[in-house]
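Close look at the chain arrangement
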Amino acid sequence: MKRERLGMIGSCAVERIVLENQRLSAAILSFGGVIQSLRALDAAGAYRDVVLGFSDWKDYVDQGYYIGTVIGRCANRISGASFAIGEKTYTLEANEGENHLHGGSRGFWNTPFSVEAAGEDFVTLRCVSPDGAGGYPGTLDTRITYSLSERALRIDYTAVSDRDTIVNLTHHSYFNLEGRHDGTILDETLTVYADAFTQIDDACASTGQILPVEGTPFDCRKGVRIGQRVGAEDEQMKKGSGFNHNFVLSKPAGVFGPVAQLTSADGQLTMRVESDQPGVQVYSGNYLDGSLTGKRGERYQRFSGLCLETQDYPDAVHFPHFPPVVLKAGQMYHRQTRFAF
């Protein structure tokens, strides 16, 4: 484990912690819980950095694409930027049209964490979000632990609030298994272990409807080339400008199991995603536009990376038939996701 102080944001130190073994190396930033780099050994014995990102930590501040960050307090879109718990309605920041997205402009993605603990193969980051931050009720005490095994990076999310609130935490890394990131993920092969997905409206918010993947471009159960699907003549694919949808995983909610698999175009590297979450947001980097410069001078264009955001269903607070996202006061929230190579 290597640990270094990079600078300050306000009164908070920004640190980088590097966890590494013979097959994997992960560089974690305390700002935004960023995975700055994730280097994996491929079948040919070469290391590939499999995530998009920036060399300078300051480029993660106020970015518009959530690259590499923890998302909270509540991932995805909340329609109308408001929700109710009981008879009390809470108003959130409308930071994407009329909707609230990814915790707002000062969500966890844009917040410094403290390094609570670190060892040779793990680091735990902590953020205490005060009551009313972003419009959310309750003081939320959150810890994110990144741990490295021989072939996998695991992320454990825990949180507790002193008032009833809503919580849906995930990670927004953009994966690209090609080694160089000046191209796209269109020739990579994606498998998603899901028989259904949640429908979106014109603003990419959930309608509450669950649709079968059978007979649609969203059927990725047997592995598909991403480029063969994102341009399909399909109403849902057009609304998302590509994959921008939550998949309803086939495994039981709360059970740790397979989520997705991604394989590089040359077949030399495969990443398997496992989680106890009930859904995964598959987003194919549709809004990247070449305006961002990556770690090695790459210009991140459309489809430069693929996000696999394990999560509860989007806007679940408005749909009682979705798994609940209300966290009761004093109750412990705990989710985990594993990326294995």
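Whatever comes next refers back to the structure up there.
What comes next is a walk through the structure. Keep in mind that what you see is a predicted model, and the values were worked out from it rather than measured. (Residues numbered from 1 in each chain as written. Predicted model: local features only at pLDDT ≥ 70, side-chain atom pairs only at ≥ 80, totals over all residues. Heavy atoms only, no water.)

**Here's the deal with the overall build of the protein chain**
- Regarding its fold elements, the protein chain presents 1 helix and 30 strands.
- For a compact globule of 341 residues, the expected C-alpha radius of gyration is about 20 Å, and the protein chain comes in at 19 Å, within 12% of that figure.
- Projecting the C-alpha coordinates of the protein chain onto the three principal axes gives extents of approximately 60 × 50 × 40 Å.
- Burial statistics for the protein chain: of 341 residues in total, 57% are counted as buried.
- Sequence separation of 24 or more characterises 65% of the internal contacts of the protein chain that already satisfy a separation of 6 or more.
- Split by element, the accessible area of the protein chain, about 12,900 Å² in all, is 47% carbon and sulfur. (Helix = DSSP H or I, 4+ residues; strand = E, 2+ residues; numbered from the N terminus. Rg over C-alpha atoms; globule rule 2.2 N^0.38 Å. Buried < 20%, exposed > 50% of the residue type's maximum accessible area, 1.4 Å probe, protein only. Contact = heavy atoms within 4.5 Å. Areas by Shrake-Rupley, 256 points an atom, 1.4 Å probe, with all protein chains shown as cover.)

**Points about the environment of tyrosine 60**
- Within the element layout of this structure, tyrosine 60 appears in the loop between β5 (47-49) and β6 (70-71).
- Look at tyrosine 60 and you get buried, because its relative accessible area is 0%.
- Separated by 24 residues in sequence, tyrosine 60 and glutamine 36 place their C-alpha atoms 9.5 Å apart.
- Each residue touching tyrosine 60, except ones within four places of it in the same chain, is listed here: Leu29, Phe31, Val34, Gln36, Gly53, Phe54, Ile67 and Asn110.
- Reaching out from tyrosine 60, the side chain makes a polar contact with the backbone nitrogen of phenylalanine 54 at a distance of 2.9 Å. (Polar contact = N/O pair within 3.5 Å; in protein donor to acceptor, adjacent residues only side chain to side chain.)

**Focus on the sheet that holds strand β22 (residues 244-249)**
- Taking strand neighbours across the sheet as the criterion, the 6 strands line up as β17-β28-β25-β22-β19-β20 in an open arrangement whose pairing is antiparallel. Looking at the sheet topology across the chains shown, the edges are occupied by β17 (174-175) and β20 (206-212).
- One ladder, built from 4 bridges, connects strand β19 (residues 194-200) with β20; its direction is antiparallel. If you follow alanine 196 over to β20, its bridge partner there is proline 212. (Pairing = 2+ DSSP bridges.)

**Looking at unusual backbone geometry**
- Backbone torsion omega between glycine 72 and arginine 73 reads 10°, so that peptide bond is classified as cis.
- Residue placement: arginine 73 occurs in the loop between β6 and β7 (77-78).
- You will see that serine 241, though not glycine, has its phi angle at about 60°, which is positive.
- With respect to the element layout, serine 241 can be found in the loop between α1 (235-239) and β22.

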